[in-house]
Amino acid sequence: MQRLKIAIVGATGMVGRAFLKVLEERVLDADYTLFSSARSAGTEIIFMGKPHVVQELTEQSPAETRADIALFSAGGGNSARYAPLFSAAGTVVIDNSSQWRMDKDVPLIVPEVNADALPDYQKKNIIANPNCSTIQAVVALKPLADRFGLKRVVYSTYQAVSGAGLGGYMDLENGLKGLPPQKFQYPIAGNCIPHIDVLLDNGYFKEEQKMIDETRKILSLPDLPVTATCVRVPVFHGHSESINIELNTPFEMDEIFDALRNAPGLVVQDDPKNNLYPLAITAADTDPVYVGRIRRDFSVANGINLWCVSDNIRKGAATNAVQIAQALIKYWEERT
């Protein structure tokens, strides 16, 4: 293959900066072009050991850049506008917004879970990166689905303020100083807010519906009963989730632990007698999904509870997107 050309769209945002960090850590060698809005254009960023001047994203950018891959984290509106332009120019877009996730012609990928769906990118030259809270959940669910089958899933999430972008992060930081919120509806410091994204007609907030719909699509279980309650909590980095799972077949607990311990991307931290269980504060700035507090749910047949934690900016966004890019590159190399 010729030397790769990669575009980063939204390079100066929270996830965009994480893209750059993860790419450096994984030493993904390529020629990079960094894009942002006009407001941030001209910013100089040291990346891969050399300065890069961030360019303003325009409708001419895709044809002028001719990138092989574009990593997008610029919001749904910009994705709707610019992703088709990059696609038309022959670039494969890996998009972090919700714009394309439920499009039937766009694969929704978590590499440890459904990499086999990657070739479907060819329908639109677009791959969707799932919602942060969904990504970590399906990494934990996949080995159980494969071995025992899923009957029902109940999510209760405790989501970090960084999931709401810089504004959410600043609301917590400023709230700890006694300042009023600017991003959230209520103060987040010392508080939990059971409201993420917009309210839908069915009584769910959009974040909850995303988890329901995306779980079904990623696991290829369109009829799986799933429900969710999503809560914003005063944590800077790291989403935590309580997941209640009903399985199709009986099990012994050692079988559950065996399935989880051998799953890619998953780390079992489960020794509650010695206070070992996943924590947001220790998951921050790392890539795995951590599970613990794994125990039988005695209220139903074939039920378990587990506690699942991951860094929402890394595995929940930037790392997963870069993993998709790496899987895509490998797919191309195997076919040349």
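Everything below is about the structure shown above.
Turning to the overall build of the chain, a few remarks are in order. Counting its regular elements, the chain contains ten helices and 14 strands. The C-alpha atoms of the chain give 20 Å as radius of gyration, which agrees with the globular expectation for 336 residues (20 Å, within 12%). Dimensions of the chain, computed from the C-alpha atoms along their principal axes, are close to 60 × 55 × 40 Å. Within the span of the chain, comprising 336 residues, buried residues form 51% of the whole.

Attention now moves to the packing of helix α5 (residues 132-148) against helix α7 (residues 206-218). Between α5 and α7, whose axes approach to 9 Å, the crossing angle comes to 40°. Here α5 is positioned oblique relative to α7, judged by the angle of their axes. By crossing handedness, the relation of α5 to α7 is classed as right-handed. When α5 is examined against α7, the residues Ser133, Thr134, Ala137, Val138 and Leu141 are found in contact with a partner set consisting of Glu207, Lys210, Met211, Glu214, Thr215 and Ile218. Looking at side-chain class alone, the contact of α5 with α7 contains five nonpolar, three polar and three charged residues.

Okay, the sheet that holds strand β1 (residues 5-9) next. What the six strands build is an open sheet, ordered β5-β2-β1-β6-β7-β8; its pairing is parallel. Two strands lie at the open edges of the sheet, namely β5 (55-56) and β8 (126-128), each paired on one side alone. The pairing of strand β6 (residues 69-72) with strand β7 (residues 92-95) spans four bridges and is classified as parallel. Across the sheet, residue Leu71 finds its bridge partner in β7, namely Ile94. Helix α10 (residues 314-334) contacts β6, β7 and β8 of the sheet and is inclined by roughly 165° relative to β6.

Quick notes on the rules
Residues take numbers from 1 onward in each chain, read along the sequence in its written order. In keeping with the predicted nature of the model, local features appear solely for residues at pLDDT of at least 70, side-chain atom pairs appear and are counted solely at 80 or more, and the whole-chain, interface and lining totals rest on all residues. Side-chain metrics rest on all non-hydrogen atoms present in the structure, leaving aside hydrogens and water. For helices the rule is a DSSP run of H or I covering at least 4 residues; for strands it is a run of E covering at least 2, with both sets numbered from the N terminus onward. Each radius of gyration is computed over the set of C-alpha atoms, and the globule rule expresses the reference value as 2.2 Å times the number of residues to the power 0.38. For every residue, the accessible area (1.4 Å probe, protein chains only) is compared with the maximum for its type, and the residue is labelled buried under 20%, exposed over 50%, or partly exposed between those bounds. Convention adopted: a line fitted to C-alpha atoms gives each axis, helices being fitted over their contacting stretch, and angles between N-to-C directions are expressed from 0 to 180 degrees. The cut-offs work like this: below 35 degrees is roughly parallel, past 145 is roughly antiparallel, 65 to 115 is roughly perpendicular, and the gaps in between are oblique. Whether a crossing is left-handed or right-handed is set by the direction in which the near helix is turned from the far one by less than a right angle, anticlockwise for left-handed and clockwise for right-handed. Any two residues whose heavy atoms approach within 4.5 Å are treated as being in contact. For this scheme, ten residues count as nonpolar: Ala, Val, Leu, Ile, Met, Phe, Trp, Tyr, Cys and Pro. Four count as charged, namely Asp, Glu, Lys and Arg, and the remainder, Gly too, count as polar. Strands were regarded as paired on the criterion that DSSP finds at least two bridges between them.

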